[in-house]
Amino acid sequence: MIKVKSLADLKKMRESLQAKVDLREKGEAAENLVQIKVAMATCGIASGAKVVMDYLLEELEKRGINAVVTQTGCMGYCYAEPTIEVKLPDADAIVFGYVDKKKADEIIEKYIKNGELVDGIIPVNYESIDDK
Amino acid sequence: MHLLVCGGTGCRASASDSIAEKLKAELAANNLQDEAQVIQTGCFGFCEKGPIVKVLPDNTFYTQVKPEDAPEIVKEHIIKGRKVERLLYVDPAKKQKVEDSKHMGFYRKQMRIALRNCGFINPENIDEYIARDGYQALGKVLTELDPQQTIDIIKKSGLRGRGGGGFPTGIKWEIASKNKADQKYVVCNADEGDPGAFMDRSILEGDPHSVIEAMAICGYCIGASKGLVYIRAEYPLAIQRLRIAINQAREYGLLGNDIMGTGFNFDINLRYGAGAFVCGEETALIHSMEGLRGEPTNKPPFPAERGYMGKPTNVNNVETFANVPPIILKGADWYSSIGTEKSKGTKVFALAGKINNVGLIEVPMGITLREVIFEIGGGIKNGKKFKAVQTGGPSGGCLTEKHLDIPIDFDNLIAAGSMMGSGGMIVMDEDDCMVSVAKFYLDFTVEESCGKCSPCRIGNKRLYELLDRITKGEGTLEDLDRLRNLSHVIKDTALCGLGQTSPNPVLSTLDNFYDEYVAHVVDKKCPAGQCKSLLRYVIDPEACVGCTACARNCPVNAISGERKKPHEINPDICIKCGACYEKCKFDAIRII
Ligand SMILES: Cc1cc2nc3c(=O)[nH]c(=O)nc-3n(C[C@H](O)[C@H](O)[C@H](O)COP(=O)(O)O)c2cc1C
Ligand code: SF4
Ligand code: SF4
Ligand code: SF4
Ligand code: FES
Ligand code: FES
């Protein structure tokens with residue numbers, strides 16, 4: 001089955017997909033939905049991103065936190081791998097660097113549960129084309 | 001409230017640790033430790049004005065903070081809610097204090113176009129790409145523009161090839177479009193042979209659809225229905241993500257027949273390279289895909305006339321393609337407003353070597369090396385002195401202090417004796433020996449030369465031998481002239497780009513670090529202390545306490561001496577392994 005039969009189809013699809021992302025970001029679909037992205041490019045994986053991702057998936061489930069954990073590509077902060085981005089409802093996304101299991105645990109307990117920041121934040125240092 | 005204290009290496013060097021301590025103590029003294037927390041962060045990319053303290057939620061950005069400022073920040077800002085004016089960042093253009101970092105135009109030196117989705121979307125999910133305007137550019141050209149109009153946009157944007165040469169992309173497409181044939185091909189060069197570069201891999205791993213979409217756009221422009229990605233087999237994750245992406249695009253009807261109901265057909269297949277540097281050269285790449293030996297052939301004929309299977313073929317680099325969809329959607333004028341007169345847009349660089357923030361950055365053309373190295377890159381590791389930066393990989397050269405302020409673009413780098421290449425940037429400090437650096441690259445080229453033509457096959461080998469002699473202290477002043485002459489001969493006579501550029505590391509180090517070469521051949525010394533043969537280990541009898549640690553660890557028993565008496569190294573036996581140097585707790589062993 002071909003899904004996109006015309007540009008109009010594609011545009012409709014974009015709208016609905018964006019709406020889905022928006023819903024997710026505004027946390028309307030599910031109260032307190034936390035979004036986590038793990039940088040899983042070659043260098044991230046080499047420095048242990050896979051282990052962190054598995055740990056997050058497992059622990060968030062165990063601790064009853066409603067979260068979406070996805071993988072993404074290189075964020076550019078190769079010196080601070082593994083890096084993850086955490087987006088809480090109603091807050092800007094925050095990137096943490098040098099995340100191992102211990103740090104991941106701290107992020108879950110302090111930041112995700114209580115909104116308290118923890119050491120190891122990587123400030124975003126680029127401008128995306130959407131900002132212009 | 002949160003007080004973010006930069007814990008990046010640059011700011012740490014200037015006491016950010018003690019700032020954090022002081023802030024914590026001050027908060028505790030005022031019983032505010034629960035209201036406001038002190039958090040250490042990574043580099044803000046603002047190291048020259050460090051240490052940085054940022055206050056959340058109001059985004060106040062303090063620069064050049066000293067530990068002594070901690071009480072004032074807590075008393076004024078945290079308790080009374082008044083910003084500490086004198087620490088605010090001053091916008092250098094407007095000469096005004098900036099209260100909120102969201103209004104700091106200068107803060108963000110990086111701009112992501114090719115990397116726009118990397119680290120943002122899930123590369124294995126086409127829906128996320130579509131939600132970020134994915135395939136809209138393809139839809140737009142297929143329904144609203146004819147091929148020539150699309151080519152005109154690319155031409156007008158000023159996009160130049162990111163694979164090294166910097167050839168104008170629109171013109172390349174136009175040539176391929178004008179050559180008539182029953183079948184044409186679009187090839188994506190994902191060979192990425194420069195040992196210091198990994199941007200193409202990162203783009204394919206982080207945003208494979210952007211390359212697929214751009215290849216389809218190119219296919220529409222030149223009249224090709226087939227695309228090929230030539231990718232090195234050593235990139236398994238990139239290959240896997242690309243395969244998933246191609247399959248998803250097919251499933252959605254964004255690759256295949258009658259795309260979006262417009263009658264346009266396009267599909268992509270992968271071809272794997274074995275990881276030879278020369279196979280990144282476009283003619284060699286095409287031969288390799290045809291199942292022949294990966295050897296370059298003379299141009300003309302250019303691939304645009306006779307390429308893959310003898311048909312007109314357009315070869316572009318991964319990063320070049322990744323720039324195409326935003327250009328179509330945002331327009332040529334938007335793109336050409338970024339960059340310098342002759343080099344538009346951004347360039348991705350892989351920062352490596354003796355630099356604090358090793359990583360992948362994307363910056364507008366025209367930024368200076370100083371900004372890249374000392375701000376985004378966070379400066380030199382361990383507070384050492386900057387010596388040189390190597391750009392352009394094995395085809396490039398070393399730039400020095402005096403080049404730090406030139407705007408980076410294709411033409412300026414060539415004028416300075418280096419080149420853009422694929423975007424590797426290796427930073428060197430005072431401990432790096434420039435003769436050894438040149439030797440390292442020549443070693444690489446000798447290994448990677450395909451051997452087809454003699455200037456490259458034999459000439460580079462001779463260059464390497466000369467450099468090797470010099471690092472061993474066996475070189476002469478005449479050798480330096482020989483190096484220069486031979487370099488020029490190779491450049492002028494080699495068949496392909498590999499040989500034509502391989503002497504560049506030698507020439508640029510000769511030009512910029514002639515004294516260092518002279519020190520090797522005349523004084524028989526390596527000023528950076530790297531060339532083993534030119535070093536001598538000696539024991540300072542004043543400092544030696546006769547603990548015997550060195551003697552016990554010397555693998556060849558070159559050290560003699562009685563307990564509690566100064567020891568001595570016999571230079572005829574010593575193999576310069578450095579073990580004694582590591583072991584001596586009294587700093588008594590000197591390298592001269
Ligand atoms: C020795 C040698 C190696 C090359 N390696 C690469 C490479 O790894 N990736 C690449 O895109 N271009 C490489 N090139 C440049 C290609 O020949 C070609 O110019 C380029 O792929 C064209 O794409 P662009 O116009 O988008 O830059 C190499 C050239 C030479 C001479
Ligand atoms: S210059 Fe070197 S790599 Fe190029 S064809 Fe000649 S031998 Fe082969
Ligand atoms: S450098 Fe190595 S070989 Fe030479 S004296 Fe020291 S330990 Fe022995
Ligand atoms: S280790 Fe140092 S102090 Fe001890 S004997 Fe050797 S040179 Fe002297
Ligand atoms: S590849 Fe991981 S941050 Fe660069
Ligand atoms: S801004 Fe602090 S280390 Fe770069």
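## A closer look at the overall build of chain B
Right, so step 1: Counting secondary structure elements, chain B contains 23 helices and 21 strands.
Right, so step 2: Expressed along its principal axes, the backbone C-alpha trace of chain B runs to roughly 90 × 75 × 40 Å.
Right, so step 3: Counting the 592 residues in chain B, one finds 59% classified as buried.
Right, so step 4: Pairs at least 24 residues apart make up 67% of the contacts formed inside chain B by residues separated by at least 6 positions.
Right, so step 5: With the model as given, the accessible surface of chain B reaches about 23,500 Å², and the carbon-plus-sulfur share is 50%.

## Description of helix H4 (residues 101–114) of chain A
Residues and elements named next belong to chain A.
Right, so step 1: Taking 1.5 Å per residue, 14 residues should reach 20 Å; H4 reaches 19 Å between its end C-alpha atoms and fits that length.
Right, so step 2: For H4, the principal kink sits at isoleucine 107 and spans about 30°.
Right, so step 3: Taken together, the buried positions of H4 are occupied by Lys103, Ala104, Ile107, Ile108, Tyr111 and Ile112.
Right, so step 4: Buried-residue contacts for H4 involve strand S1 (34–39), helix H3 (49–62), strand S3 (84–87) and strand S4 (94–96).

## Notes on the site of ligand 1
Residues and elements named next belong to chain B.
Right, so step 1: Close to ligand 1 lie 18 residues, the nearest being Gly163, Lys172, Asn316, Asn317 and Thr320.
Right, so step 2: Arginine 162 places a main-chain nitrogen or oxygen 3.3 Å from an oxygen atom of ligand 1.
Right, so step 3: Burial of ligand 1 by the protein chains amounts to 88% of its free accessible area of 600 Å².
Right, so step 4: Of all elements in the fold, only strand S12 (313–317) and helix H19 (497–501) reach the threshold of two or more residues within the shell around ligand 1.
Right, so step 5: Across the shell around ligand 1, the residue classes break down as three nonpolar, nine polar and six charged.

## Concerning the side chain of Glu213(B)
All names here are of chain B.
Right, so step 1: Tracing the chain through its elements places glutamate 213 in helix H9 (residues 208–222).
Right, so step 2: For the buried glutamate 213, no salt bridge exists, and the shortest N-O distance to an oppositely charged side chain is 5.5 Å, to arginine 116.
Right, so step 3: When residues no more than four places from it in sequence are discounted, the contact partners of glutamate 213 are Tyr129, Gly134, Tyr135, Gln136, Ala137, Leu138 and Pro325.

## Observations concerning the nonpolar core
Right, so step 1: Tyr135(B) and Trp173(B) are the most contacted members of the largest nonpolar core, which totals 81 residues.
Right, so step 2: Per-element accounting of this core gives the leading share, ten residues, to H9(B).
Right, so step 3: Beyond its immediate sequence surroundings of up to four residues, Tyr135(B) is in contact with Leu10(A), Ile126(B), Tyr129(B), Ile130(B), His209(B), Ile212(B), Glu213(B), Ala249(B), Leu254(B) and Met260(B).
Right, so step 4: Judged by nonpolar contacts, the second largest core, of 36 residues, contains Val34(A), Leu56(A), Tyr111(A) and Phe44(B).

## Details of the site of ligand 3
Right, so step 1: Neighbouring residues of ligand 3: 13 residues in total, closest Cys554(B), Cys574(B), Cys577(B), Gly578(B) and Cys580(B).
Right, so step 2: Residues of the shell around ligand 3, tallied by class, amount to eleven nonpolar, one polar and one charged.

## As for the environment of Phe264(B)
All names here are of chain B.
Right, so step 1: Examined against the element boundaries, phenylalanine 264 turns out to sit in strand S11 (residues 264–273).
Right, so step 2: The exposure class of phenylalanine 264 is buried, given its relative accessible area of 11%.
Right, so step 3: The sequence separation of phenylalanine 264 and aspartate 409 amounts to 145 residues, and the corresponding C-alpha distance is 37 Å.
Right, so step 4: Contact partners of phenylalanine 264, with chain neighbours within four places excluded, come to Leu142, Ala216, Gly219, Tyr220, Ala224, Gly256, Asn257, Asp258 and Ile259.

## Some points on the domain arrangement of chain B
Right, so step 1: Domain boundaries assigned for chain B yield domain 1 (2–107), domain 2 (126–332), domain 3 (346–429), domain 4 (434–521) and domain 5 (536–591).
Right, so step 2: A straight line from the C-alpha centre of domain 1 of chain B to that of domain 2 of chain B covers 46 Å.

## Here we look at the packing of H9(B) against helix H10 (residues 236–251) of chain B
All names here are of chain B.
Right, so step 1: In the contact formed by H9 and H10, the axes pass within 9 Å of each other and the chain directions differ by 55°. It follows from the interaxial angle that H9 and H10 lie oblique. Here H9 and H10 pass one another in a crossing that is right-handed. Together, Pro208, His209 and Ile212 of H9 and Arg241, Leu242, Ala245, Ile246, Gln248 and Ala249 of H10 make up the contact between the two elements.
Right, so step 2: Tallied by class, residues from the contact of H9 with H10 come to six nonpolar, two polar and one charged.

## Points about helix H21 (residues 514–523) of chain B
All names here are of chain B.
Right, so step 1: Turning to H21, its buried residues are Glu516, Tyr517, Ala519, His520 and Val521.
Right, so step 2: Buried residues along H21 sit in contact with strand S15 (386–391), helix H16 (434–448), helix H17 (454–471), helix H18 (477–493) and helix H20 (504–512).
Right, so step 3: Note on H21: the residue one or two positions beyond its end, lysine 524, has a positive phi of about 55°.

## As for the interface of chain A and chain B
Right, so step 1: Taken together, the contact pairs 51 residues of chain A with 62 residues of chain B.
Right, so step 2: Taking both partners together, chain A and chain B bury about 4,500 Å²; carbon and sulfur atoms supply 54% of that area.
Right, so step 3: Our enumeration of links across chain A and chain B arrives at one salt bridge.
Right, so step 4: One salt bridge in this structure joins Asp133(B) and Arg14(A), with 2.9 Å as the shortest N-O distance.

## Side note on the pattern of salt bridges
Right, so step 1: By the definition in use, this model includes 46 salt bridges over all chains.
Right, so step 2: For the salt bridge of Asp54(A) with Lys50(A), the shortest nitrogen-to-oxygen distance reads 3.3 Å. Within this pair, Asp54(A) and its partner Lys50(A) are both found in helix H3, separated by four residues, close to a single helical turn.
Right, so step 3: Exposure remark for Asp54(A): the relative accessible area of 35% places this residue in the partly exposed category.
Right, so step 4: As a salt-bridge pair, Glu319(B) and Arg162(B) come within 3.9 Å of each other at their nearest N and O atoms. One end of the pair, Glu319(B), is in helix H12 (residues 318–330); the other, Arg162(B), is in the loop between helix H6 (147–157) and helix H7 (169–178), with 157 residues separating them in the sequence. Accessibility assignment for this pair places Glu319(B) and Arg162(B) in one class, buried.
Right, so step 5: Taken together, the salt bridges that share partners define one network made up of Glu59(A), Lys62(A), Arg63(A), Asp105(A), Glu109(A) and Lys113(A).

## Some words on the pairing of strand S3 (residues 53–56) of chain B
Residue and element names in this part refer to chain B.
Right, so step 1: With four bridges joining them, strand S1 (residues 2–6) and S3 adopt antiparallel strand pairing. Residue pairing across strands places valine 5 opposite valine 53, the latter belonging to S3.
Right, so step 2: Pairing of S3 with strand S4 (residues 60–62), which is carried by three bridges, proceeds in the antiparallel orientation. Following the sheet pairing, valine 53 is matched in S4 by tyrosine 62.
Right, so step 3: The hairpin formed by S3 and S4 contains three residues between the paired strands, and asparagine 59 there has a positive phi angle of roughly 65°.

## Regarding the packing of helix H8 (residues 199–206) of chain B against H12(B)
Residue and element names in this part refer to chain B.
Right, so step 1: Contact geometry of H8 with H12 gives a least axis separation of 9 Å together with a crossing angle of 45°. Judged on the interaxial angle alone, H12 and H8 are oblique. In this structure, H8 uses Met199, Asp200, Ile203 and Leu204 to contact H12, whose residues at the interface are Val318, Glu319 and Ala322.
Right, so step 2: Of the residues in the contact of H8 with H12, the class split is five nonpolar, no polar and two charged.

Reading the values: rules and limits
Residues numbered from 1 in each chain as written. Chains lettered and ligands numbered in written order. Predicted model: local features only at pLDDT ≥ 70, side-chain atom pairs only at ≥ 80, totals over all residues. Heavy atoms only, no water. Helix = DSSP H or I, 4+ residues; strand = E, 2+ residues; numbered from the N terminus. Buried < 20%, exposed > 50% of the residue type's maximum accessible area, 1.4 Å probe, protein only. Contact = heavy atoms within 4.5 Å. Areas by Shrake-Rupley, 256 points an atom, 1.4 Å probe, with all protein chains shown as cover. Expected span 1.5 Å × (residues − 1). Bend = angle between axes of the 7 residues up to and from the residue. Near = heavy atom within 4 Å. Polar contact = N/O pair within 3.5 Å; in protein donor to acceptor, adjacent residues only side chain to side chain. Nonpolar A, V, L, I, M, F, W, Y, C, P; charged D, E, K, R; others polar. Lys, Arg positive; Asp, Glu negative; His and termini not counted. Salt bridge = Lys/Arg side-chain N within 4 Å of Asp/Glu carboxyl O. Core = buried A, V, L, I, M, F, W, Y, C linked by side-chain atoms within 4.5 Å. Domains from an automatic or database assignment. Axes fitted to C-alpha atoms, helices over the stretch in contact; angles between N-to-C directions. Parallel < 35°, antiparallel > 145°, perpendicular 65-115°, else oblique. Left-handed = near helix turned anticlockwise from the far one by under 90°. Buried area = accessible area lost by both parts, 1.4 Å probe. Pairing = 2+ DSSP bridges.

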